[in-house]
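# Overview (structure and organization)
Take a look at the letters that make up each chain.
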Amino acid sequence: MTFVALVLAAVIVQAARRRPSPPPKGARAARLYRDPPPLFVLTWLFVLPPWLLAFAGLWRGDVDVARVAVLVGGLVVALPWPWARLFAIPLGWPRAAAALAHLAAHTWRADRDGGAALAAVLAARNSGDAHDVARARARVEQLDRLGGAGVVAAALLADHDGDVGLSARTLEAVACFDRRVVPPAARRVAVELRAQHLLARGDWSALRKLAPEGSRFAVFAARCAARLDPAGRAAPTDEWTLRLRWLLTPRRRRTRALLTRALARPAAPASAAPPTPAEPLSAPTLQRAVALQVWSTKAARVLTPDHLTELGHAWAEALDSLEQQRRTAGLGVGVPVGAGPIAGGADGFADGVVVALAELAALLDLSRFSLVDQPAVLVRAIERERTARLDALEIAVAALALRLEQADSGDLPPSLELREWLGLRALYDGVARMGADGRALAWQTAKSTICEAAVRLWNVRGEHRLAHAMNRWLLSESLAVGDERSRETHEFNVRCGS
Amino acid sequence: MHPLRDNPFFVLALPVTATALEVERQGRKWLAMLELDLPSARTYATPLGRRLRTPDAVRAAMRALNDPAQRPTFEPWAAAGAALAVDSGDGGNGDDGAGDDRYERDDAGLDPRGMTWWDR
């Protein structure tokens, strides 16, 4: 009876706190970030005395079902998150995981609903049941006060769907949220998911710089990456420290492959010589340009703007040489099949070069790349890529503006609002990376509409956390662009939410 | 159409000197082999690694090589890139479209699944 009463009391208290009434319009944001009352203290006060009594009874040898139930139930109610971590999530029980996470007020703090959604997603991924995943997705989409845990849940779902790009972008957005609404447990899952993405890509350079946020796996992965990254081996982790780290990391059987890979690399610093293509410079111009193009495409990971410039010059030379041959050959009269652009297809061939160069330019950060003195074919490729990206950004901004005009009927669930903002950010970053003036161009295109969306989320819908994250991003961008007038507006908006 | 990755000469495995008749014959051969799902027809070699050969790609390649305006734009790429084409079964950057369902892993990466406490 005692146990039942205790569980009921805990459930009633927790349920009473489950849906906090929305704060009044204009309320100071400090309210939003305030931790819930220390319910776990209350829970312990209720649970501890009968738990001790039951324990004492069992210690004396009076074993009965009620005492065992109080002992186990007390542990579940008082320490719900460890139970979720140890049982519900690994065994793939989404409902139990969500219920336990919801009880864990001290773990999820200001984002308990988000924590429950995150736990449900983690368990659903492990259950392998499509219905469980669909239910977890619905839970994430129904979150009405999106906080850091909810955002990490959305990132996990995107990762589960195979959309690693969206998942990575969603994780990047976590940094824009106020840390008070991103519980440490959510931060740890976020950093571990990020580490997984980087491990899969073999991006050792980014992995070794990852802030571990208290995750043992992230610390171990970063140490391994420091040995595996040629640029990071100036201060590598020695073999025994790495082994110790591995022993301290969960899932040792699975992480052994990473340890073996890291140990196989000598800890000595690698030579810092940049990679260069092996093609001899004396090769005919076209052959050389194609060889350079092939090398650059294969070595996209280590490609730099300087490589792109070199490739642009190679293509400019090749195109000049082909043009010369075309003129010499008398514009295609009696030229056999296989003579290529000599036979009159020079424009089409140059278009192909632009396509190939634009593909490489799209992979690089050219935000500090001056187009002055660059070969014409490279400038054409970069402008082509930038125009395409700018068009996409303008369309997306226009669509958002239209939705905002439709007021209530255009509103989306917060998780989809987040996804739309992330999509816009990706398009924005795409334009910002294309040429020195790309960021200013993107800013002028997008700033008003994104600001309007953030204001609506704050004023009308009460989605203060997401709106605050958007305002923080807008402020950082206005600073990066040097837009003083916007900076003042966004500083004010950010102060409202701090 | 990417001039190296989707080059019609690579898709049809033809030299740049191929005549219209050879293009037609080779295209039909690949379509028939794909219809029979023969392993040797599934991929083609390019300088950027092996790519999946599909009936649509074969038809597009036949169209491009029979078009006098398009064909010359691909010839120099094919001529210069033929020597660089990767012929081995698993060449390139894992560019053959096969493999992992969740992560696009390159040669340097590891399968990270199951390495965290929450990922079984």
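Since the model is a prediction, treat every value here as computed from it, not as a measurement. (Residues numbered from 1 in each chain as written. Chains lettered and ligands numbered in written order. Predicted model: local features only at pLDDT ≥ 70, side-chain atom pairs only at ≥ 80, totals over all residues. Heavy atoms only, no water.)

### Things to note about the interface of chain B and chain A
With 39 residues of chain B in contact, the opposing surface of chain A contributes 53 residues. For the pair chain B and chain A, the two sides together bury roughly 4,100 Å², of which 60% comes from carbon and sulfur. Between E359(A) and R5(B) there is a salt bridge whose closest N-O contact spans 2.5 Å. The tally of links from chain B across to chain A stands at 13 residue pairs in polar contact (both at pLDDT 80 or more). Here the side of chain B that touches chain A is built from residues that sort into 20 nonpolar, seven polar and twelve charged. (Contact = heavy atoms within 4.5 Å. Buried area = accessible area lost by both parts, 1.4 Å probe. Salt bridge = Lys/Arg side-chain N within 4 Å of Asp/Glu carboxyl O. Polar contact = N/O pair within 3.5 Å; in protein donor to acceptor, adjacent residues only side chain to side chain. Nonpolar A, V, L, I, M, F, W, Y, C, P; charged D, E, K, R; others polar.)

### Details of the confidence of the model for chain A
Residue and element names in this part refer to chain A. Confidence in the prediction of chain A, expressed as mean pLDDT, is 83, and 84% of residues score 70 or more. Contacts of residues 15-26 to residues separated by more than four positions or lying in other chains number 17 contacts, the stretch itself having pLDDT below 50. Residue range residues 332-344 is modelled with pLDDT below 50. Its contacts to residues more than four positions away, or to other chains, number 26 contacts. (pLDDT = per-residue confidence, 0-100.)

### With respect to the packing of aromatic side chains
With the rule as written, the count across this model stands at ten aromatic pairs over all chains. Aromatic side chains W83(A) and F87(A) sit 5.5 Å apart centroid to centroid with 35 degrees between the ring planes, which places their arrangement in the tilted category. Taken together, the residues span about one helical turn, with W83(A) and F87(A) both in helix α5 (residues 80-91) at a distance of four residues. Centre to centre, the rings of W315(A) and F349(A) are 6.0 Å apart; their planes meet at 65 degrees, and the pair counts as edge-to-face. Of this pair, W315(A) sits in helix α18 (residues 305-328) while F349(A) is found in helix α19 (residues 346-361), placing the two residues 34 residues apart along the sequence. For F349(A), a relative accessible area of 0% corresponds to the buried category. Just above the ring of W240(A) sits the side chain of R243(A); from NZ or CZ to the centre is 5.2 Å. A cation over a ring is seen here: K29(B) above W30(B), with NZ or CZ 4.6 Å from the ring centre. (Phe/Tyr/Trp six-rings, centres within 6.5 Å; stacked < 30°, edge-to-face > 60°. Helix = DSSP H or I, 4+ residues; strand = E, 2+ residues; numbered from the N terminus. Buried < 20%, exposed > 50% of the residue type's maximum accessible area, 1.4 Å probe, protein only. Lys NZ or Arg CZ within 6 Å of the ring centre and 35° of its normal.)

### Points about the pattern of salt bridges
All names here are of chain A. Under the criterion given, the structure shown has 33 salt bridges over all chains. R465 serves as the salt-bridge partner of D111, at 3.7 Å between the closest nitrogen and oxygen. Within this pair, whereas D111 is found in the loop between α7 (105-108) and α8 (112-127), its partner R465 is found in helix α23 (residues 464-481), the two being separated by 354 residues in sequence. When sorted by exposure, D111 lands in the same class as R465, which is buried. A salt bridge links E310 to R288; the nearest nitrogen and oxygen atoms lie 3.7 Å apart. Taken as a pair, E310 in helix α18 and R288 in helix α17 (residues 285-298) lie far apart in primary sequence, 22 residues in all. If you follow the salt bridges from partner to partner, you end up with R403, D411, E417, E420, R456 and R461 in one network.

### Things to note about the side chain of T309(A)
Relative to the assigned elements, T309(A) resides in helix α18. Setting aside its immediate chain neighbours within four residues, T309(A) contacts F369(A), Q374(A), P375(A) and L378(A).

### Quick notes on the nonpolar core
Nonpolar side chains in soluble globular proteins tend to end up buried together. One finds W81(A), I89(A), W108(A), L118(A), L156(A), L418(A) and W421(A) to be the most contacted residues of the largest nonpolar core, which totals 72 residues. Shared between two domains, this core takes at least three residues from each, and those domains are domain 1 (2-148) and domain 4 (387-496) of chain A. Among all residues touching L418(A), those that are not within four sequence positions of it are L146(A), V151(A), T170(A), A173(A), F177(A) and L466(A). Ranked by size, the runner-up nonpolar core spans 57 residues in total, among them L311(A), A314(A), M434(A) and V16(B). (Core = buried A, V, L, I, M, F, W, Y, C linked by side-chain atoms within 4.5 Å. Domains from an automatic or database assignment.)

### Regarding helix α11 (residues 164-174) of chain A
Residues and elements named next belong to chain A. Among the eleven residues of α11, eight are classified as buried, and the element is accordingly described as predominantly covered. When we look at burial in α11, the residues that qualify are V164, L166, S167, A168, T170, L171, A173 and V174. Lining the buried residues of α11 we find α10 (148-160), α12 (184-201) and α21 (414-432).

### Some details on the environment of W30(B)
Residues and elements named next belong to chain B. The topology assignment puts W30 in helix α2 (residues 20-35). Classification of W30 as buried rests on a relative accessible area of 8%. The spacing of W30 and D6 is 24 residues in sequence and 15 Å in space, taken between C-alpha atoms. In this view, W30 contacts V11, L12, A13, S40, A41, R53 and V58; residues no more than four positions away in its chain are not counted.

### A closer look at helix α4 (residues 71-81) of chain B
In terms of residue burial, α4(B) counts as a mostly covered element, since ten of its eleven residues are buried. All buried positions along α4(B) are accounted for by R71(B), P72(B), T73(B), F74(B), E75(B), P76(B), W77(B), A78(B), A80(B) and G81(B).

### Regarding unusual backbone geometry
Of all residues except glycine, most have a negative phi; of all peptide bonds, most are trans. Of note, the phi angle at E213(A) is positive, near 50 degrees, even though the residue is not glycine. Secondary-structure assignment places E213(A) in the loop between α13 (204-208) and α14 (216-228). E213(A) gets classed as partly exposed once you look at its relative accessible area, which sits at 29%. Not every positive phi belongs to a glycine, and D37(B) is a case in point at roughly 55 degrees. A relative accessible area of 45% means that D37(B) is categorised as partly exposed.

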